[in-house]
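# Tertiary structure, described
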Amino acid sequence: MAQQGLQLDEEQLCCSICLDLLKDPVTVPCGHSYCSRCIEGHWNQDDQRGRFSCPQCRHVFNPRPVMKKNTMLAEVVESLKKTGLQAAPPDHCYAGPGDVACDVCTGRRLKAVKTCLQCLVSYCDTHLQPHYQSPAFKRHKLVQASGELQENICSRHDEVKKVFCRTDRLLICSLCSMDEHKGHETISAAAERAERQKELDTSQQNIRQRIQEREKDVKVLHQEVESINHCADGAVEDSDAIFTELISSMERRRSEVRQLIRDQQEREVSRAEDLRRRAEQEVTELRRRHAELEQLSLTEDHIRFLQRYTSSLSTIGESTHPVSSHVRPLRYFEDVTVAVSKMRDKLEDILTEEGTNVSETVNRVDVLLSAPAEPKTRADELEDILTEEGTNVSETVNRVDVLLSTAPEPKTRAEFLQYSRPITLDPNTAHQRLSLSKGNRKVTLIVQSQSHPDHPERFTGACQVLSREALSGRWYWEVEISGLYVGAAVSCKDISRTGSGAESAFGYNDKSWCLRHNFLGGCTFRHKGIDTLIPGRVSSRVGVYLDHSAGTLSFYDVSDDTMTLLHTVHTTFTHNLHAGLRLYCTGDTAELCDLK
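Every residue gets a number counted from 1 within its own chain, in the order that chain's sequence is written. Selection of residues for local features in this predicted model requires a pLDDT of at least 70, selection of side-chain atom pairs for listing and counting requires 80 or more, and totals for whole chains, interfaces and linings are taken over all residues. Remark: hydrogens and water are excluded; side-chain values derive from all non-hydrogen atoms of the structure.

## A look at the sheet that holds strand E17 (residues 523-527)
Pairing between two strands requires that DSSP report at least two bridges joining them. To qualify as a helix, a DSSP run of H or I must reach at least 4 residues; to qualify as a strand, a run of E must reach at least 2; elements of each kind are numbered from the N terminus. Here six strands make up an open sheet; going across it, the order is E13-E22-E15-E16-E17-E18 and the pairing antiparallel. Bordering the open sheet on either side are strand E13 (464-466) and strand E18 (530-534), each of which pairs with just one other strand. Here the average twist between neighbouring strands, direction ignored, is 20°. Sheet topology note: the E17/E18 ladder contains five bridges and is antiparallel. Each residue of the ladder has a partner; that of Thr524, found in E18, is Leu533. For every element, the axis is a line fit to its C-alpha atoms; helices are fit only across the contacting stretch, and the angle between N-to-C directions ranges from 0 to 180 degrees.

The following block contains the structure:
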């Protein structure tokens, strides 16, 4: 009981703020004592609120009390220090629910920090000191404090399990190895642990390697998600442009058919009105002749009758304008309706069939191995039907004969290189997401927009850029391509710079010609929104040859010194042209090659 009283006194001599023996103790007006530095620091924080309270009873003081040293408490604390006693441990050092308690402590037990596998006892830091200081405990095995010591004791022989039986894969004691496990393959628990530790280290290394690989996959997939989103946006943009153009084409055809019908109506009405007037005149004349003959029939003078009869009949004759021969069947305009209905039915069939194909293509898109499918085939067929059936309706065929230039073109790469001149990209035309490098000869499509200054010649819709140099005469250049979709183009200077529709995108209008390179090796040539598929694989380098005066534009697949013609355009160029590059997906790059 005396010891418990002494323990209580020690706890009362602890500062409730720092949980240590009082240092320079002071007592506040409510009777509680603290270290001078602790209470002053506490009230310095309260000084900001203008209130000063006791940390224990929360009594409020106003104004701030003036602290004086408690001499008696200071002497008691000094006496305790001289006798070697210390303050009671703070509450967090005692064992609580879920903690391993020291097996040596009496009364309120402290937390154990180590467990001795030899003694089968858990010790707090104080009672563990003999194991560190006495040679008698030198060979004892200390482990992290554990409350499951009974698992390490053999229930049959009451000994520590220090042997591992590989036959039965069990931890056993030394007596078990000579009894029921006799003849089994056994090894010390420490040696088994060492071998298993090697396996564990190997497994950890493998896991770390897999983590690194998966982190790389996560990064790649993150980039792929960005590419998917950008390519999908591009596909939606292109599809919208195609459908817009298709709708415009249908509107144009409707206006043409309406005008044809009205023109034909005007001609037919004019013809019918002319025939009607002639018929009315003939009726008037016939009525007059009929009246004369009627009067002649009433003449009683035979000689007079015979004289006038012969002359009257000679002037009547047959009708010179038979109306029935000029009247057309009433089904004339019904045939037009039938032709338009036929065109509508074909369009509906194509929309249904190709719409299903587009849906299936979108559903099976594999963005890691291929690029999003373009619904261009459907637009081509619809445009063909509009053209063909529109021709049937109008009953006219307009043929445009393209005059091909007879100027000889280079045949070998060496001959083409004679017309190569340096070409650089114009930063003032580059879209905000295009990054130029290598002296403005290389362009990369990035995620973030660049801080390019505003400029009236900058493209704001499609991610594309024009060359600084105007092209006239003969030019040859090569483009090195890397990425999902990259377009090598030639464009007029006055192409629209705003919006993402057909008026500004390379290949969608009559001001630009674009060869789009697919990373799988295929190519598509586009002009006025009409695609021409180029079969076969194509290397990453595309050569472009322009003969401005001859109206020739050719694209070549360049591999080593071998050049394979991909597509040729024969037309008439009325303006100076510029080289152009269009990028579709994040990470795509294109570089104008140095052909020195």
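## Considerations on the sheet that holds strand E6 (residues 121-123)
Taken in spatial order, the three strands line up as E6-E5-E7 in an open sheet, and their pairing is antiparallel. A strand with exactly one partner marks an edge of an open sheet, and here the two such strands are E6 and strand E7 (142-144). Averaged over neighbouring strand pairs, the angle between their axes works out to 35° when direction is ignored.

## Points about the packing of aromatic side chains
Ring geometry is summarised as follows: Phe, Tyr and Trp rings, the Trp one being its six-membered ring, pair when their centres sit within 6.5 Å, and such pairs are stacked at plane angles under 30 degrees, edge-to-face over 60 and tilted between the two. The tally for this structure, following the rule as stated, stands at ten aromatic pairs. Between Phe416 and Tyr476, the ring centres sit 5.2 Å apart and the planes meet at 40°, which makes this aromatic pair tilted. Linking Phe416 in helix H10 (residues 413-417) with Tyr476 in strand E14 (residues 474-482), this pair joins segments that are 60 residues apart in sequence. Exposure class is identical for Phe416 and Tyr476. Each is buried. Measuring from ring centre to ring centre gives 5.4 Å for Phe416 and Tyr545, while their planes differ by 80°; the resulting arrangement is edge-to-face. Of this pair, Phe416 sits in helix H10 while Tyr545 sits in strand E19 (residues 541-547), placing them 129 residues apart in sequence. Each member of the aromatic cluster is reached from another via a ring pair, and the members are Phe416, Tyr419, Tyr476, Tyr545 and Tyr556. Lying across the ring of Phe459, Arg497 places its NZ or CZ 5.0 Å from the centre. Any residue under 20% of the maximum accessible area for its type is buried, any over 50% is exposed, and the rest in between are partly exposed; the area is computed with a 1.4 Å probe on protein chains only. In our convention, an over-ring charge means Lys NZ or Arg CZ found within 6 Å of a ring centre and within 35 degrees of that ring's normal.

## Focus on the side chain of His548
The residue His548 is located in the loop between E19 and strand E20 (552-559) in this model. Distance and chemistry together define a polar contact, namely a pair of N or O atoms within 3.5 Å, with one atom able to donate a hydrogen and the other to accept it when in protein, and with adjacent residues in sequence counting only for side-chain atoms on both sides. Separated by 2.7 Å, the side chain of His548 and the backbone oxygen of His575 make a polar contact. What makes two residues a contact is simply this: any of their non-hydrogen atoms within 4.5 Å. Leave out the neighbours within four places in its chain, and His548 touches Leu471, Ser472, Gly473, Phe573, His575, Asn576 and Leu577.

## So, the environment of Trp475
Among the secondary structure elements, Trp475 is positioned in strand E14. As a C-alpha pair, Trp475 and Gln418 span 57 residues in sequence and 8.9 Å in three-dimensional space. Here Trp475 is in contact with Tyr419, Arg421, Pro422, Ile423, Glu469, Ala470, Val544, Tyr545 and Leu546, once residues within four sequence places are set aside.

## Looking at the side chain of Glu192
Counting through the fold element by element, Glu192 comes out in helix H6 (residues 189-297). Residue Glu192 is classed as buried on the basis of its relative accessible area, which comes to 4%. For Glu192, the side chain forms a polar contact with the side chain of Arg166, separated by 2.8 Å. Glu192 has contacts with Phe164, Arg166 and Ile187, leaving out every residue within four places of it along the chain.

## Observations concerning the confidence of the model for the protein chain
pLDDT gives the predictor's per-residue confidence on a scale running from 0 to 100. Looking at the protein chain, the pLDDT average stands at 80 and 82% of residues meet or exceed 70. This stretch, residues 367-376, has a pLDDT under 50; its non-local contacts, to residues over four places away or in other chains, come to 26 contacts. In this model residues 395-407 is a low-confidence stretch, pLDDT under 50, and it forms ten contacts with partners more than four residues away in sequence or in other chains.

## Points about the pairing of strand E12 (residues 442-445)
By the bridge criterion, four bridges tie strand E11 (residues 434-437) to E12 in an arrangement that is antiparallel. Residue pairing across strands places Ser435 opposite Thr444, the latter belonging to E12. Connecting the antiparallel pair E11 and E12 is a turn made up of four residues, with Lys438 showing a positive phi of about 50°.

## What to know about the pattern of salt bridges
Charged atoms that come close allow side chains of opposite charge to pair. Think of a salt bridge as a Lys or Arg side-chain nitrogen and an Asp or Glu carboxyl oxygen that are within 4 Å of each other. Tallying each qualifying case throughout the model produces 34 salt bridges. With its nearest N and O atoms 2.6 Å apart, the salt bridge here joins Glu273 to Arg276. One end of the pair is Glu273 and the other is Arg276, both in helix H6 and three residues apart, which spans about a single turn. Relative accessible area serves as the criterion here: at 32%, Glu273 is assigned to the partly exposed category. Taking the shortest distance from any N to any O, the salt bridge between Arg541 and Glu478 comes out at 3.1 Å. Within this pair, whereas Arg541 is found in strand E19, its partner Glu478 is found in strand E14, the two being separated by 63 residues in sequence. Take Arg541: its relative accessible area is 24%, and that puts it in the partly exposed class. By relative accessible area, Glu478 is classed as buried at 0%.

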